[in-house]
Amino acid sequence: MTHLTQDGAPDWRDSKRYLWLLALAVPTLPFQAGALAGLTGLSVFWWWGPFFAFVLVPILDLVTGRDSANPPEAVMKALEDDRYYRWCTYLYLPLQFGALVWACSLWAHGALSPAGDLGLTATTGVVAGVAINTAHELGHKRERVERRLSRMALAQSCYGHFYVEHNHGHHIRVATPEDPASSRMGESFWRFLPRTVLGSVRSAWRLEQRRLSRRGRPVWSGHNDVLSAWAITVALYGGLGAVFGWGVLPYLALQGALGFCLLETVNYLEHYGLLRRRRPDGRYERVAPQHSWNSNNTISNLFLFQLQRHSDHHANPLRRYQTLRHFDEAPQLPSGYATMIVLAWFPPLWRRVMDPRLLAHYSGDARRANLCPALRGRQVTSAEGSPGGAPGRA
């Protein structure tokens, strides 16, 4: 709520100021799992991470509801400059790597059953996936320390090229057929996954190749941000293998893969089927709120540093999470990311929920959406006989 002080300045307080610290519960999930397993004697609690992310958080989203309130414009600068919010993201990293080292010690000493080892791997993978979101928040900032922390946070998931491709590729091509990180209507997550993983690697490499070529530097050098990011992962995995034994490497590889698959599921739902129109000069229109799916579910936003206010992020990539705004014109997801991630893994359910919403966003005209090639071909054929219309299943 906003009141005016005696001098006419807005007396506004962030009601969620200390609730942002809840995000730091995520990197402690392995410790939580260990404590629960120790207290109860039940090894099923090593799977606490997936339960927390995909069962508990959706329930909390349902119970707590949504918050679409925006900070008043007059407090934006002070809110951006408040370093407390930066420390909420900085603190993720020591907790993240502390949990990873502890997990390696358990894998190395054979303290758990095979099911417990896999559960701990899945829980650690949730930490790695959300760490990419923390890296995303840090990587968009101008401060050198935040950019370095971003690259470090990506090391656990072996997804350091995201630092290059997301900032210089995805943000340029978002909501277009050329963007490997923008999913298309009719494209299941399982078809999107290999396309976006391979496409993002290729895109990052080409972007670095072009950047270094302009500067007259060789692509195979320490100046290559993709290679240097991957080198951090090699050093991390190598160091953990040297300390705890090379037997931890399969667990590290699996948790890293789970982490980046979680990130790509988020990419899948953020721009599903949304399309920017081409202007008469052949360029795409400017990115606007209607080119990202949004959600104001309170709990998911607290755990994800308000990633779900994605439209404002694309309009203002340098804006910090605490100042991101809700737009009424942005298409809204029916629930928070935690729920929608699970839905994306089941394509028939996803299409039943999301395709009608996407078509409603385009007033029933599927030709205005970003269609997968099969549906695009059907629409070209049907357009010769009748305008618009909903596409069939691909």
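Anyway, here's the lowdown on the structure attached to this text.

The next point concerns helix α1 (residues 29–40). Over its 12 residues, α1 runs 16 Å from end to end, which matches the ideal 16 Å to within 8%, given 1.5 Å per residue. Its buried side turned inward, α1 meets α2 (48–64), α5 (92–108) and α6 (114–139). Gly 41 occupies a position one or two residues after α1 and carries a positive phi of about 75°.

The contact between α6 and helix α8 (residues 162–173) brings their axes to 11 Å, and the two run at 55°. Here α6 lies oblique to α8, going by the angle between them. Both α6 and α8 take part in a crossing whose hand is right-handed. Along its contact with α6, which presents Ile 132, His 136 and Gly 139, the element α8 presents Phe 162, Tyr 163, His 166 and Asn 167. Class assignment of the residues belonging to the contact of α6 with α8 gives a composition of 3 nonpolar, 4 polar and no charged.

Before going further, it helps to examine the packing of aromatic side chains. Scanning the entire structure with this criterion turns up 21 aromatic pairs. A ring pair is formed by Trp 20 and Tyr 321, whose centres lie 5.1 Å apart and whose planes are at 75°; its orientation type is edge-to-face. Taken together, the residues span a long stretch of sequence, with Trp 20 in the loop between β2 (10–12) and α1 and Tyr 321 in the loop between α13 (310–315) and α14 (337–344) at a distance of 301 residues. With respect to burial, Trp 20 and Tyr 321 carry one shared label: buried. With a centroid separation of 5.0 Å and 55° between ring planes, the pair formed by Trp 205 and Trp 220 is classed as tilted. With Trp 205 in helix α9 (residues 189–214) and Trp 220 in the loop between α9 and α10 (225–244), this residue pair connects regions lying 15 residues apart in the sequence.

Within the element layout of this structure, Trp 48 appears in helix α2. Separated by 14 residues in sequence, Trp 48 and Gly 34 place their C-alpha atoms 9.0 Å apart.

This brings us to the nonpolar core. Within the largest apolar cluster, 95 residues are counted, with the highest numbers of intra-cluster contacts made by Tyr 92, Met 185, Leu 252, Tyr 272, Trp 350 and Leu 358. Setting aside chain neighbours within four positions, we find Trp 350 in contact with Tyr 268, Leu 269, Tyr 272, Met 340, Leu 343, Ala 344 and Asp 355.

One non-glycine residue with positive phi stands out, namely Ala 175, at about 60°. Residue Ala 175 is classed as buried on the basis of its relative accessible area of 0%.

Bringing the pattern of salt bridges into the picture now. Under the definition given, this model contains 18 salt bridges. The partner of Arg 173 in a salt bridge is Glu 165, with the nearest N and O atoms 3.0 Å apart. Residue Arg 173 is classed as partly exposed on the basis of its relative accessible area, which comes to 24%. Among the ionic pairs, Arg 325 bridges to Asp 312, the shortest N-O distance being 2.9 Å. Of this pair, Arg 325 sits in the loop between α13 and α14 while Asp 312 sits in helix α13, placing them 13 residues apart in sequence. Using a relative accessible area of 0% as the deciding quantity, one classes Asp 312 as buried. The structure contains a network of salt bridges with shared partners spanning Arg 86, Glu 143, Glu 146 and Arg 320.

About the thresholds
Residues numbered from 1 in each chain as written. Predicted model: local features only at pLDDT ≥ 70, side-chain atom pairs only at ≥ 80, totals over all residues. Heavy atoms only, no water. Helix = DSSP H or I, 4+ residues; strand = E, 2+ residues; numbered from the N terminus. Expected span 1.5 Å × (residues − 1). Contact = heavy atoms within 4.5 Å. Axes fitted to C-alpha atoms, helices over the stretch in contact; angles between N-to-C directions. Parallel < 35°, antiparallel > 145°, perpendicular 65-115°, else oblique. Left-handed = near helix turned anticlockwise from the far one by under 90°. Nonpolar A, V, L, I, M, F, W, Y, C, P; charged D, E, K, R; others polar. Phe/Tyr/Trp six-rings, centres within 6.5 Å; stacked < 30°, edge-to-face > 60°. Buried < 20%, exposed > 50% of the residue type's maximum accessible area, 1.4 Å probe, protein only. Core = buried A, V, L, I, M, F, W, Y, C linked by side-chain atoms within 4.5 Å. Salt bridge = Lys/Arg side-chain N within 4 Å of Asp/Glu carboxyl O.

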